[in-house]
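Spelled out, the chains give:
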Amino acid sequence: MTNLTRRGFVGLGAMAALSGCAALPRGAPVQDEVLASTRGKEMGFAVYPVTRAFLADYARWPSPVPPGPGWLARRRGPASAVIVAGDRLELTIWDSEENSLLTPPGQRMTRMTDVVVAPDGTIFLPYVDALHVAGMTPETARAEIQKRLSGIVPSVQVQLRLVSGRRNSVDLVGGVRNPGRYPLEDRDTTILSLLALGGGVSEGLRNPQVRLLRGGRTYRISLARLVADPSRDTTLRGGDKVVIEADTRHFLALGAATREELIYFPSDSLTAIEALSLAGGISDTRADPR
């Protein structure tokens with residue numbers, strides 16, 4: 001076989017190898033292959049060109065996540081607690097009389113612990129019977145109890161301590177260092193104050209989202225927006241539940257990008273250029289910058 005013939009066979013073999021490489025798996029399809037797949041009858045997706053003319057149509061697309069109730073604005077409340085059913089009162093009763101009806105012999109004071117506010121808002125006191133205290137501040141209830149007891153023992157003095165029950169507390173469910181149930185010290189406690197009591201948001205939580213569960217409804221906002229605008233630092237109510245969780249929104253980076261994977265949103269909003277940057281940019285050898 002002549003050298004020319006040998007070179008001819010080598011050339012044909014190289015061409016065959018190159019044609020075979022075209023069918024090997026690649027990192028991204030070419031444009032013609034993508035558009036060809038949209039012409040099938042049973043296709044489960046559609047391809048739209050991203051152009052300025054198409055942006056108006058895209059803006060009318062429905063959101064994939066149903067919108068929830070709007071966030072609650074900040075409303076300043078009184079800087080005092082209010083007694084509700086289920087709370088407990090701890091009473092210390094002082095009496096300077098020698099033969100007192102309220103204190104043990106030889107003592108000038110007596111304590112009544114674990115006085116539970118009944119569902120009808122009343123408490124029971126010896127020699128007084130039922131006394132309605134629900135809706136009162138601790139100071140108002142203390143003055144009213146002392147007034148009732150002074151009809152029996154004129155020199156009586158009363159101290160009162162409120163121990164909040166479930167209806168006067170909020171639950172910090174998760175996403176913080178110290179989750180748990182926290183009593184409302186007053187009616188002006190806000191979400192950011194609660195997060196501070198819980199030790200702050202857990203480190204490494206991706207774009208933390210705040211969820212407030214109240215009255216069968218869920219309100220949502222990002223922690224970044226909550227911190228940036230004091231008017232959104234809503235006042236809590238007894239029975240509220242607060243959850244801090246990572247942002248679950250994501251997009252898929254496919255095709256001629258450096259990274260082909262699921263990428264989570266690092267912030268509330270994301271532009272196409274920012275998304276391309278998170279995907280590592282376009283591949284120099286496979287992408288068409290246009």
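The structure this text deals with has already been given above.
The following paragraphs examine the structure supplied in this document. These numbers were taken from a predicted model, which means no experiment stands behind them. (Residues numbered from 1 in each chain as written. Predicted model: local features only at pLDDT ≥ 70, side-chain atom pairs only at ≥ 80, totals over all residues. Heavy atoms only, no water.)

1. A few points about the sheet that holds strand 10 (residues 241-245)
Overall, mixed pairing links the five strands, which are arranged 7-6-10-8-9 in an open sheet. The open sheet has two free edges, formed respectively by strand 7 (180-183) and strand 9 (217-222), since each of these has just one partner strand. Averaged over all adjacent pairs, the angle separating strand axes in this sheet is 20°, with direction ignored. Sheet topology places strand 6 (residues 169-174) next to strand 10; three bridges connect them, and they run parallel. Paired with Asp171 across the strands is Lys241, a residue of strand 10. (Pairing = 2+ DSSP bridges. Helix = DSSP H or I, 4+ residues; strand = E, 2+ residues; numbered from the N terminus. Axes fitted to C-alpha atoms, helices over the stretch in contact; angles between N-to-C directions.)

2. Section: unusual backbone geometry
For Asp129, which is not glycine, the phi dihedral falls at a positive 75°. In this fold, Asp129 is placed in strand 4 (residues 129-132). Its relative accessible area of 48% is what places Asp129 among the partly exposed residues. The backbone phi angle of Asn207 is positive, close to 40°, even though this residue is not glycine. With respect to the helices, strands and loops of the structure, Asn207 is situated in the loop between helix 5 (191-197) and strand 8 (209-214). Residue Asn207 is classed as buried on the basis of its relative accessible area, which comes to 11%. (Buried < 20%, exposed > 50% of the residue type's maximum accessible area, 1.4 Å probe, protein only.)

3. Here's the deal with the layout of surface pockets
By volume, the second largest pocket amounts to about 350 Å³. Grouping the constituent residues of the lining of the second largest pocket by class yields eight nonpolar, five polar and seven charged. (1 Å grid on protein atoms, 1.4 Å probe; cavity = no way out; pocket = protein on both sides within 12 Å on 5 of 7 lines; lining within 4 Å. Points joined across faces, edges and corners; volume = space filled by probe spheres on them. Nonpolar A, V, L, I, M, F, W, Y, C, P; charged D, E, K, R; others polar.)

4. Some details on the pairing of strand 6
Buried residues dominate strand 6, accounting for five of its six residues. Note: strand 6 against strand 7, four bridges, orientation antiparallel. The partner of Leu172 across the bridge, within strand 7, is Gly180. Two successive antiparallel strands, strand 6 and strand 7, enclose a turn made up of five residues, where Gly175 displays a positive phi of approximately 85°.

5. Description of the packing of aromatic side chains
Inspection of the entire model under this criterion finds one aromatic pair. Here Phe251 and Phe265 contribute two aromatic rings whose centre-to-centre distance is 6.2 Å and whose plane-to-plane angle is 70°, an arrangement assigned as edge-to-face. With Phe251 in strand 11 (residues 250-252) and Phe265 in the loop between strand 12 (262-264) and helix 7 (272-278), the pair connects residues that are 14 residues apart, well separated along the chain. Considered together, Phe251 and Phe265 belong to a single accessibility category, that of buried residues. Above the ring of Tyr264, the side-chain terminus of Arg206 is found at 3.8 Å from the ring centroid. (Phe/Tyr/Trp six-rings, centres within 6.5 Å; stacked < 30°, edge-to-face > 60°. Lys NZ or Arg CZ within 6 Å of the ring centre and 35° of its normal.)

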